[in-house]
Amino acid sequence: MAGQTVPPRSASALAGLLDSPEIGRLIAELEATRWTGRPGYPLRAMVGVALAKSLYSIPTWTRTVALVREHDALREAIGGECPSVYAAYRFATKLRTYSDLLDACIARVLDRLRAERPEFGRDLAIDASDLPAYANGQRYLSKGGRERERFSDPDASWGHRSAVSTRKGGGFYGYKVHAAVCARTDLLVAWRVETARAHESSFATGLLDAAKDRGFAAETTALDMGYDTEAIHAACEARDSRPIIPLKQTPGVKAGKANPPSCEHGTWTFAGADPSRVASKWRCPTGECKPGSRWIKADRLHPLVPRETKRWKSLYRGRGSVEREFGRLKHEWALLPLRVRGIERVRLHADLTILAKLACALARADRLPLAITV
Ligand SMILES: [Zn+2]
């Protein structure tokens, strides 16, 4: 996946995904629900159109169906028959009903990726990113007028986005995708879409649990300063994952409580951590103190991977993976612009987009060993 940023846009890539055991089983399980859609398009065609939407980075079903209809090779890849736009909408509704089958398919793809590369998901990075709604978020019907009572997307809400490089921060109306990303491969291992108003820090623990449920025992988890709370540090440690979070300048920090211990001989040095006792060991620089070392219980001020260490700095650099991947999903895999309304539809759209990307990564891994980006 290193260097691979653009979706493979070939009919054979699409056929390959539909033929893979992981997607093939989704098709079979959907068939077993005895739902074939009206007027009876095969499930392979329906799943094929859903994946083509992300593979060809197309925001709408209408344009996806038009593309498949025009191209013989694509039509052949999905089984020869192109579904109607109406059937695609109905299929999306059905997939929301059978979201457990979709979840199971995603879990199978992640399992296989981990089998290919055991380091997959060992170091995670968690963050959230904005998904502006396909709706008018204006608070007032007209300038100085009456407050809008009905929004065209009632699940969307006003949230805040931070400034990124040249883009200004500020308010936006819509949703946020919260995700845990493998810092080595940039691939998502767990995610959830929530209304924009909800604060990111409330979802970090849930993402760690979701990653664990999918078989990822993350040794470290990198998050930005917005997540620097005692609760998140404790939640990471409770899941046996070392938190890598920059220090927020809280009053205790300003009072020097996060500083390493010191004595008349100078600042004490880090001498290792013991996760089983959730404490790190610090040593008098000259060894003249008696005792020459002591244990400090881990907390947000004294994490087991101290912020002064090279290891911490290197792991924190891995946090860049989550921003890079959000960028790719949005701009190259059509996660944005949203062209659906309502949180359940936005969730399905995110699931299908991310599944398409993961399945492509797996298809590549089958041909050549997974590249490592660090
Ligand atoms: Zn000393």
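Residues numbered from 1 in each chain as written. Predicted model: local features only at pLDDT ≥ 70, side-chain atom pairs only at ≥ 80, totals over all residues. Heavy atoms only, no water.

(A) Quick look at the coordination of the zinc ion. Coordination sphere of the zinc ion, protein contribution only: Cys263 (SG), His265 (ND1), Cys284 (SG) and Cys289 (SG), at 2.0 to 2.3 Å. Every donor counted, the 4 donor atoms about the zinc ion form angles of 102 to 116 degrees at the centre, which fits tetrahedral coordination. Coordination of the zinc ion draws on donor residues from a single chain, spaced C-x1-H-x18-C-x4-C in sequence. Taking relative accessible area as the criterion, Cys289 reaches 17% and is therefore assigned buried. (Donors = N, O, S within 2.8 Å, 3.2 Å for Na, K, Ca; no water. Tetrahedral: all angles 85-135°; square planar, octahedral: opposite > 155°, others 65-115°. Buried < 20%, exposed > 50% of the residue type's maximum accessible area, 1.4 Å probe, protein only.)

(B) Broad picture of the environment of Leu74. Its place among the elements puts Leu74 in helix 5 (residues 72-77). In sequence terms Leu74 and Val49 are 25 residues apart; their C-alpha atoms lie 9.2 Å from each other. Here Leu74 is in contact with Ala11, Leu14, Tyr56, Leu67 and Val68, once residues within four sequence places are set aside. (Helix = DSSP H or I, 4+ residues; strand = E, 2+ residues; numbered from the N terminus. Contact = heavy atoms within 4.5 Å.)

(C) Here's a closer look at the environment of Ser10. Within the secondary structure layout, Ser10 lies in the segment before helix 1 (11-19). Since its relative accessible area comes to 28%, Ser10 is described here as partly exposed. Residues Ser10 and Leu74 lie 64 residues apart in sequence; the distance between their C-alpha atoms is 8.0 Å. A polar contact of 3.2 Å, which involves the side chain of Ser10, links it to the side chain of Ser12. Among the polar contacts made by the side chain of Ser10, one reaches the main-chain amide nitrogen of Ala13 at a distance of 3.1 Å. (Polar contact = N/O pair within 3.5 Å; in protein donor to acceptor, adjacent residues only side chain to side chain.)

(D) Molecular detail of the confidence of the model for the chain. The share of residues in the chain with pLDDT of 70 or more is 90%, and the mean pLDDT across the chain is 90. Between residues 370-374, whose pLDDT stays under 50, and residues either more than four places distant or in other chains, the model counts 20 contacts. (pLDDT = per-residue confidence, 0-100.)

(E) The arrangement of unusual backbone geometry in detail. Going from Lys290 to Pro291, the amide bond is cis rather than trans, its omega being -5 degrees. Take Pro291: it is sitting in the loop between strand 10 (279-283) and strand 11 (293-297). Residue Pro337 follows Leu336 across a cis peptide bond; omega there is -5 degrees. Along the polypeptide, Pro337 turns up in the loop between helix 12 (320-331) and helix 13 (343-367). Phi is positive for Asp186, close to 70 degrees, though the residue is something other than glycine. With respect to the element layout, Asp186 can be found in the loop between strand 3 (170-182) and strand 4 (188-195).

(F) Summary view of the sheet that holds strand 10. An order of 9-10-11 is seen for the 3 strands of this open sheet, with the pairing classed as antiparallel. A single partner strand is all that each edge strand has here, and the edge strands are strand 9 (269-274) and strand 11. The sheet shows a mean angle of 30 degrees between the axes of neighbouring strands, taken without regard to direction. Strand direction decides the pairing type here: strand 9 and strand 10, joined by 4 bridges, are antiparallel. Looking across to strand 10, one finds that Thr269 is bridged to Arg283. (Pairing = 2+ DSSP bridges. Axes fitted to C-alpha atoms, helices over the stretch in contact; angles between N-to-C directions.)

(G) Fine view of the packing of helix 4 (residues 61-70) against helix 6 (residues 85-97). For the pair helix 4 and helix 6, interaxial distance at closest approach is 9 Å and the crossing angle is 125 degrees. In terms of their interaxial angle, helix 4 and helix 6 are classed as oblique. When you trace helix 4 past helix 6, the crossing you get is right-handed. Across the interface between the two elements, Trp61, Thr62 and Val65 from helix 4 touch Val85, Ala88, Tyr89 and Ala92 from helix 6. (Parallel < 35°, antiparallel > 145°, perpendicular 65-115°, else oblique. Left-handed = near helix turned anticlockwise from the far one by under 90°.)

(H) Here's a closer look at the packing of helix 6 against helix 13. Running from N to C, helix 6 and helix 13 point in directions that differ by 90 degrees, and their axes come no closer than 10 Å. Classified by the interaxial angle, the pair formed by helix 6 and helix 13 is roughly perpendicular. Residue-level contacts link Ala92, Leu95 and Arg96 of helix 6 to Glu344, Arg345, Leu348 and Leu352 of helix 13.

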